[in-house]
Amino acid sequence: MKNQLNKVGVTFGIILAVYYLLFNCVIFFTDKTLFVNTYAGFFNIAVTVLIGIATIYFARKKAGGYVTFREAFTPFFVAALIGVTANFIVNNILFNLVDPSAKDLIDQKLYGMLVETLKGSPLTQEQITEQLAKAKDLKQYAPKAQLFLWAGSILRNSVIGILLAAIFKNKSEFTPSHTEINHDVDTDFNKDHK
């Protein structure tokens, strides 16, 4: 059973990886600024959630209609891990090999977004200047920053997976499985009410 559920996770992980490959390539070759667009980010999260729901649905179907929290979460996590890792690899190939100058554009856009955000903040001018000085040194596509982004994506997807697994689980880890319950047993209650 565990292998079948993991296969579901791998299948949907490959689907998510192909989505990220297509999404990143289309944006990279049409409008690179969409990489820092809030709506594009929310769209990616929505696609991840939809693929996660499909993953759990098919895992539940493979398990005979009943899954525990772990049986629902594991395929989702496998799919998310494959998808996020593919996203990480594709981004690094595009920005470090295909067009390294695109990194500067993204860094400038992120810096501009930070300036706009800090303008409306309650921070003093001195604190804003300090934040902007730190931000100038940050490079979005430096290996350390990319590793933190990858880990953050795994963490975010784990939280999404935990929520979805909790919603879609329909079998307790501590009760006998649905197939082990014998519904034909005559209990004293049934005998009294016949």
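Now for a quick tour of the structure.

Parameters and conventions
- Residues numbered from 1 in each chain as written.
- Predicted model: local features only at pLDDT ≥ 70, side-chain atom pairs only at ≥ 80, totals over all residues.
- Heavy atoms only, no water.
- Helix = DSSP H or I, 4+ residues; strand = E, 2+ residues; numbered from the N terminus.
- Contact = heavy atoms within 4.5 Å.
- Axes fitted to C-alpha atoms, helices over the stretch in contact; angles between N-to-C directions.
- Parallel < 35°, antiparallel > 145°, perpendicular 65-115°, else oblique.
- Left-handed = near helix turned anticlockwise from the far one by under 90°.
- Nonpolar A, V, L, I, M, F, W, Y, C, P; charged D, E, K, R; others polar.
- Expected span 1.5 Å × (residues − 1).
- Buried < 20%, exposed > 50% of the residue type's maximum accessible area, 1.4 Å probe, protein only.
- Arc of directions from axis to C-beta.

## Looking at the side chain of T48
Move 1: Tracing the backbone through its elements, the reader meets T48 in helix α2 (residues 38-62).
Move 2: Sequence-distant contacts of T48, defined by excluding residues within four places in its chain, comprise L16, Y20, F76 and N157.

## Topic: the packing of helix α4 (residues 102-119) against helix α5 (residues 125-137)
For any two helices packed against each other, the geometry comes down to the angle between their axes and how far apart the axes lie.
Move 1: Relative orientation of the contacting elements α4 and α5 amounts to 170°, with a least axis distance of 11 Å. One finds that α4 runs roughly antiparallel with respect to α5. Two packed elements cross with a definite hand, and for α4 against α5 that hand is right-handed. Contacts between α4 and α5 involve Y111, L114, V115 and L118 on the former and, on the latter, I128, Q131, L132, A135 and K136.
Move 2: Of the residues assigned to the contact of α4 with α5, the class counts are seven nonpolar, one polar and one charged.

## Comments concerning the environment of F76
Move 1: Turning to its location among the elements, F76 is positioned in helix α3 (residues 69-98).
Move 2: Note: C-alpha distance between F76 and A165 (89 residues apart in sequence) is 8.2 Å.
Move 3: Setting aside residues up to four positions removed in sequence, F76 forms contacts with T48, G52, T55, I56, N157, I160, G161 and L164.

## Considerations on the packing of α2 against α3
Move 1: For the pair α2 and α3, the least separation of the axes is 9 Å and the interaxial angle reads 135°. By the angle class used here, α2 and α3 are oblique. Read as a crossing pair, α2 and α3 show a hand that is right-handed. Side by side, α2 and α3 meet where T48, G52, T55, I56 and A59 of the first sit next to E71, A72, P75, F76 and A79 of the second.
Move 2: Taken together, the residues of the contact of α2 with α3 break down into six nonpolar, three polar and one charged.

## Examining α5
Move 1: Over its 13 residues, α5 runs 19 Å from end to end, which matches the ideal 18 Å to within 8%, given 1.5 Å per residue.
Move 2: Within the span of α5, buried status applies to I128, L132 and A135. When α5 is viewed along its axis, its buried side chains cluster within an angular range of 60° and face the same direction. Opposite its buried face, α5 presents the exposed residues E126 and D137, each directed more than 90 degrees away.
Move 3: Check the buried side of α5 and you find it contacts α4.

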